[in-house]
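Structural description and commentary
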Amino acid sequence: MSEHAEAFIAHLNALKVRDRGALAALRHSLAFEPGSYPRAFPYVERFAGAAVHERDARRLALYAVAGLFARHASHRPGKSFAAALGELMSRRQSPSIENRFVALLGADAENIVDYLRQAISLLAADDIGCDYARLLDDLSRWLNPSADPSLLRQRWARDFYRAAQAIPESIDNE
């Protein structure tokens, strides 16, 4: 993970502790295109950089991750987003989670945030966190029009299926 991503997540964690209104604004920003909801600007724009174009992939990823974090503020360093979803599938044994994940892997830059928003809601329901700094770095690549997200998709698939095949703790302890 980049130092910039870590600093941004630390900023969001601080907001979680001291400014619930900020998290509400960031949650609400998910109803808009990333980077277009004015009430989110004070919390994100300082991390975007002065020279960044408004459609820059990193800037869009910052806004998307801020909204996702606000929806489920459970940062778990080291647990990739895909591994968190794989853990959810392992817990629930639900084919619909796998179907949603495969659909997410097929998403493009135009709709990936919608798929992520739905997936974060599923993770929140089971209180499974993920590494938002890593998600920020990954999403920056996914949203970059000059980058090919195929290697990222493959890594996410590996993370998901490895976690999904893990034996749930409740079964292991019986």
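Read on for a plain summary of the structure. Being a predicted model, the structure only gives us computed values, none of them experimental. (Residues numbered from 1 in each chain as written. Predicted model: local features only at pLDDT ≥ 70, side-chain atom pairs only at ≥ 80, totals over all residues. Heavy atoms only, no water.)

On a plain count of helices and strands, the protein comes out with 10 helices and 0 strands. The secondary structure elements of the protein, listed N-terminal to C-terminal, are α-α-α-α-α-α-α-α-α-α. Whereas a compact globule of 174 residues would reach a radius of gyration of roughly 16 Å, the protein reaches 16 Å, a difference of no more than 12%. Along the three orthogonal principal directions, the C-alpha set of the protein runs to about 55 × 40 × 30 Å. (Helix = DSSP H or I, 4+ residues; strand = E, 2+ residues; numbered from the N terminus. Rg over C-alpha atoms; globule rule 2.2 N^0.38 Å.)

A full pass over the atoms with the stated rule returns 9 salt bridges. For Arg58, the salt bridge goes to Asp137, with nearest N and O atoms at 2.9 Å. Of the two residues, Arg58 is situated in helix α4 (residues 57–71) and Asp137 in helix α8 (residues 132–142); the sequence distance between them amounts to 79 residues. Overall, the relative accessible area of 21% leaves Arg58 in the partly exposed class. Owing to a relative accessible area of 10%, Asp137 belongs among the buried residues under this scheme. Residue Asp126 pairs with Arg92 through a salt bridge whose shortest N-O separation is 2.8 Å. One end of the pair, Asp126, is in the loop between α7 (112–125) and α8; the other, Arg92, is in helix α5 (residues 81–92), with 34 residues separating them in the sequence. Its relative accessible area of 35% is what places Arg92 among the partly exposed residues. Among the charged side chains, a network of salt bridges with common partners joins Lys79, Glu87 and Arg91. (Salt bridge = Lys/Arg side-chain N within 4 Å of Asp/Glu carboxyl O. Buried < 20%, exposed > 50% of the residue type's maximum accessible area, 1.4 Å probe, protein only.)

At Gln93, a position not held by glycine, the phi torsion is positive, near 55 degrees. Following the sequence through the fold, Gln93 ends up in the loop between α5 and α6 (95–105). Note on Gln93: relative accessible area 59%, which makes it exposed.

Taking 1.5 Å per residue, 14 residues should reach 20 Å; α7 reaches 20 Å between its end C-alpha atoms and fits that length. Within α7, burial applies to Ile112, Val113, Leu116, Ala119, Ile120, Leu122 and Leu123. As for α7, its buried residues are in contact with α4, α5, α6, α8 and α9 (150–164). Positive phi shows up at Asp127, right after α7, with a value of about 50 degrees. (Expected span 1.5 Å × (residues − 1). Contact = heavy atoms within 4.5 Å.)

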